[in-house]
Amino acid sequence: MLRWSVHLEGGPRRVNHAAVAVGHKVYSFGGYCSGEDYETLRQIDVHVFNTVSLRWMKLPPVRTRGHGRAREVPYMRYGHTAVLLDDVVYLWGGRNDTEGACNVLYAFDIHTHRWFIPRISGTVPGARDGHSACVLAKAMYIFGGYEQLADCFSNDIHKLDTTTMVWSLVNARGPPARWRDFHSATMIGTKMFVFGGRADRFGPFHSNNEIYCNKIKVFDTETNIWLTAPSTQVSPEGRRSHSAFTYNGDLYIFGGYNAHLDRHFNDLWKFSPENASWTKVDPKGKGPCPRRRQCCCMVGDRIMLFGGTSPCPEQGMGDEFNLMDHSDMYILDFCPNLKTLCKIAVIQHKLEQSGLPQDIRWELAAMTTNSNISRPIFSSHG
């Protein structure tokens, strides 16, 4: 029984950040928050969420000598990616309002919390943001994004072999996925499933003729061939800046934004690679409001969804420039245990007797499902 089981407020307010799950913790790197300074090259911030205690903590900044910036520590950025390989998080790409886009590879040791810059060789991808990154075995695959130097969308695939630290441009065959940014690319088995993103109707250059494709493109890493999933009668609207994750061999997408429809989403869809079909999923409980640029990380049978941006309530579902940033955390549980379900049932029964409106009852039920929620959720300790 899929259920939104926990809702927390008061975490870091972040948009267009990148995050990875490490054991029972989630590490969130960078992103932006409206009103903060992104012109100075301050260190990227790292927030850690403990999924057992349900508390956030912020790692202390790296100490530097004098007033200089530690070269091995990435500067604050957004639109970047982060992946976990063994005990190292590899952070790549993204942009800063002063420096623009970046193509330096940074590495973060999850045990020592130290940053370093690996020695690399090969064909390094051009600086960009809005790309995707996913992992297969010991390799990281980078796809798409908006390249700063070429000033256009990309549909190239780059591969970093972390055993040799060599970058290579993948010689992909078959009809490629369209040039795009802020899509999702998810590895299932040896295939990379690309969905959504923002593209241009006429080619790689941005001509204000945006399109939002809702077709799945599949890249087979064993043959280096692009495949197209068959068209389906039911499918989600095209979108960008959504989240994607995999569970039990299926692909899930949540949220996102479509400028043509002037609409943010909070729907959840499942794509089955086995029969190439989409299904709209309606979890129990009260889920997040419509949003984009959030992060999703899977820890066990639960998805940790946090941050992102949405239209201000007084602006309705509208436009690009009246947005509010989120500091909340929602937990989507694929296998809620009997104790959790019984607790929810008791809480809902008591609230139904209270005479409160239904939307308020849902909110209170979600916020009181876990006994830890009533405690402060920011901690200065590990």
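The structure contained in this document is the topic of the report that follows. (Residues numbered from 1 in each chain as written. Predicted model: local features only at pLDDT ≥ 70, side-chain atom pairs only at ≥ 80, totals over all residues. Heavy atoms only, no water.)

### So, the overall build of the chain
The condition is simple: For the purposes of this entry, the term helix denotes a DSSP run of H or I that reaches at least four residues, the term strand denotes a run of E that reaches at least two, and both are numbered from the N terminus. Burial classification: accessible surface area is computed with a 1.4 Å probe over protein chains only, and a residue below 20% of its type maximum counts as buried, one above 50% as exposed, and the rest as partly exposed. The criterion used for residue contact is that any of the two residues' heavy atoms lie within 4.5 Å. Note that accessible areas follow from Shrake-Rupley with a 1.4 Å probe, and for residues the cover is restricted to the protein chains shown.
Counting secondary structure elements, the chain contains two helices and 33 strands. Here the chain, with 382 residues, has 53% of them falling under the buried criterion. Residue pairs at least 24 apart in sequence account for 59% of intrachain contacts in the chain once pairs closer than 6 positions are excluded. Just so you have it, the chain exposes about 17,400 Å², and 50% of that area is on carbon and sulfur atoms.

### A closer look at the packing of aromatic side chains
Selection rule: Side-chain rings of Phe, Tyr and Trp (the six-membered ring for Trp) are treated as a pair once their centres are within 6.5 Å; stacked means planes under 30 degrees apart, edge-to-face means over 60, and tilted covers the remaining angles.
Summed over the entire model, instances satisfying the criterion amount to 21 aromatic pairs. Arranged with centres 5.0 Å apart and planes meeting at 90 degrees, the rings of Tyr-146 and Phe-153 form a pair that is edge-to-face. With a centroid separation of 6.4 Å and 85 degrees between ring planes, the pair formed by Trp-269 and Trp-278 is classed as edge-to-face. A residue is classified by how much of its surface remains accessible, and Trp-278, at 8% relative accessible area, is buried. Among the aromatic side chains, those forming a connected cluster through ring pairs are Phe-193, Phe-195, Trp-269, Phe-271 and Trp-278.

### Let's talk about the sheet that holds strand 33 (residues 329–333)
Formally: Pairing between two strands is assigned when DSSP locates at least 2 bridges connecting them. Each axis is a line fitted through C-alpha atoms, taken for helices only over the stretch in contact, and angles between the N-to-C directions span 0 to 180 degrees.
The sheet built from four strands is open, its strands ordered 1-33-30-29 with antiparallel pairing. Strands with a single pairing partner mark the edges of an open sheet, and in this sheet they are strand 1 (3–8) and strand 29 (295–299). On average, adjacent strands in this sheet sit at an angle of 20 degrees to one another, irrespective of strand direction. Two elements, strand 30 (residues 302–306) and strand 33, share five bridges in a ladder whose sense is antiparallel. Bridge pairing in strand 33 links Ile-303 to Leu-332.

### Brief notes about the layout of surface pockets
Stated formally: Cavities and pockets are defined on a 1 Å grid built over the protein atoms alone: a cavity is a set of grid points where a 1.4 Å probe fits but cannot escape, while a pocket is an open set with protein on both sides within 12 Å along at least five of seven lines, and lining residues are those with an atom within 4 Å of any such point. Grid points are joined across faces, edges and corners, and a volume is the space filled by probe spheres set on the points. In this classification, Asp, Glu, Lys and Arg are treated as charged, Ala, Val, Leu, Ile, Met, Phe, Trp, Tyr, Cys and Pro as nonpolar, and every other residue, Gly included, as polar.
Here the largest pocket is characterised by a volume of approximately 1,100 Å³. Around the largest pocket sit 36 residues that line it, and Ala-19, Ala-82, Ala-133, Ala-244 and Cys-296 are the ones nearest its centre. Elements that contribute at least two residues to the lining of the largest pocket include exactly strand 2 (18–22), strand 6 (78–85), strand 13 (132–136), strand 19 (184–188), strand 25 (243–247) and strand 29. Here the lining of the largest pocket gets six residues from one element, more than from any other, and that element is strand 6. Among the residues forming the lining of the largest pocket, the class breakdown is 19 nonpolar, 16 polar and one charged.

### Quick word on the nonpolar core
The following threshold applies: The term nonpolar core refers to a set of buried residues drawn from Ala, Val, Leu, Ile, Met, Phe, Trp, Tyr and Cys, joined through side-chain atoms within 4.5 Å.
Among the nonpolar cores identified, the biggest contains 27 residues, and Val-20, Tyr-27, Phe-29, Val-89, Phe-108 and Trp-115 are the most heavily contacted of them. Every element with two or more residues in this core is listed here: strand 2, strand 3 (25–29), strand 4 (46–50), strand 6, strand 7 (88–96) and strand 9 (106–109). Of all the elements, strand 2 adds the most residues to this core, at three residues. Those residues in contact with Tyr-27 that lie beyond four places of it in its chain are Ala-18, Ala-19, Val-20, Val-22, Val-46, His-47, Val-48, Phe-108, Ile-110 and His-113.

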